[in-house]
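# Coordinate analysis (summary)
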Amino acid sequence: MALANGVYIVRNRNQVGQVLDMSTQDGTTITGYPEHDGLNQQWYIFKESSSDDLYSLRDGYYGHHVGYGIRSGRPMGISACLAPVLWRIVRLGDGTRRITAAEEPQFVFELGDDGLVFINKLNSANAAQVWSFERPPYSKM
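Owing to the predicted nature of the structure, the values given are computational and were not obtained by experimental measurement. (Residues numbered from 1 in each chain as written. Predicted model: local features only at pLDDT ≥ 70, side-chain atom pairs only at ≥ 80, totals over all residues. Heavy atoms only, no water.)

### So, the pairing of strand β10 (residues 107–111)
The element β10 is largely enclosed, with a buried count of 5 among its 5 residues. Between β10 and strand β11 (residues 117–121), which follow one another and run antiparallel, lie 5 residues, and Gly115 among them has a positive phi close to 90°. (Buried < 20%, exposed > 50% of the residue type's maximum accessible area, 1.4 Å probe, protein only. Helix = DSSP H or I, 4+ residues; strand = E, 2+ residues; numbered from the N terminus. Pairing = 2+ DSSP bridges.)

### Considerations on the pairing of β11
Taken together, the 5 bridges between β10 and β11 define a ladder with antiparallel strand orientation. By the bridge assignment, Glu110 is partnered in β11 with Phe118.

### Some remarks on the packing of aromatic side chains
Under the definition given, this model contains 6 aromatic pairs. Judged by centre distance (6.4 Å) and plane angle (20°), the rings of Tyr44 and Phe46 are stacked. Tyr44 sits in the partly exposed class, given a relative accessible area of 24%. Given a relative accessible area of 33%, Phe46 falls into the partly exposed group. Measuring from centroid to centroid gives 4.9 Å for Tyr68 and Trp87, while their planes differ by 50°, and the two rings are tilted. Of the two residues, Tyr68 sits in strand β6 (residues 65–71) while Trp87 sits in strand β8 (residues 87–91), which places them 19 residues apart along the sequence. Through pairs of rings, three or more aromatic residues link up here, namely Tyr68, Trp87, Phe109 and Trp131. (Phe/Tyr/Trp six-rings, centres within 6.5 Å; stacked < 30°, edge-to-face > 60°.)

### Observations regarding the pattern of salt bridges
Under the counting rule described, the total for this entry stands at 4 salt bridges. The shortest N-O distance in the salt bridge between Arg11 and Glu134 comes to 3.1 Å. With Arg11 in strand β1 (residues 6–12) and Glu134 in strand β12 (residues 131–134), the pair connects residues that are 123 residues apart, well separated along the chain. Here Asp94 and Arg13 are joined by a salt bridge, their closest N and O atoms 2.6 Å apart. (Salt bridge = Lys/Arg side-chain N within 4 Å of Asp/Glu carboxyl O.)

The analysis is restricted to geometry; functional conclusions fall outside its scope.
Written out as structure tokens, the structure reads:
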């Protein structure tokens, strides 16, 4: 089932209590951080295509989109950007999801042990690459 447009908390499956967080220190770094109900942890998910699971993600604090870079076939970090970037949000059998680069589906969001979210090669056994999307009890957006 596709995600409906709207506001979500994006929770990592591997690190309990860690949610996708746009840093309020610099407005560009995206981390896993303990949930605190801030706007920087609320993500507006917008379906960009009626035929695919292509979405853009935008944080609720700055309104920045999530972008990434790949150089010489190697993944780089993700960070905020001003223009929408397409992501494929793939539903797994248990209702959780992977966030993959739309044009490079072998690269996925991963939450590192240091708390930074980055792009890494898909590893189906790695729970740090698995996320759940939950509607907040209330949204400040």
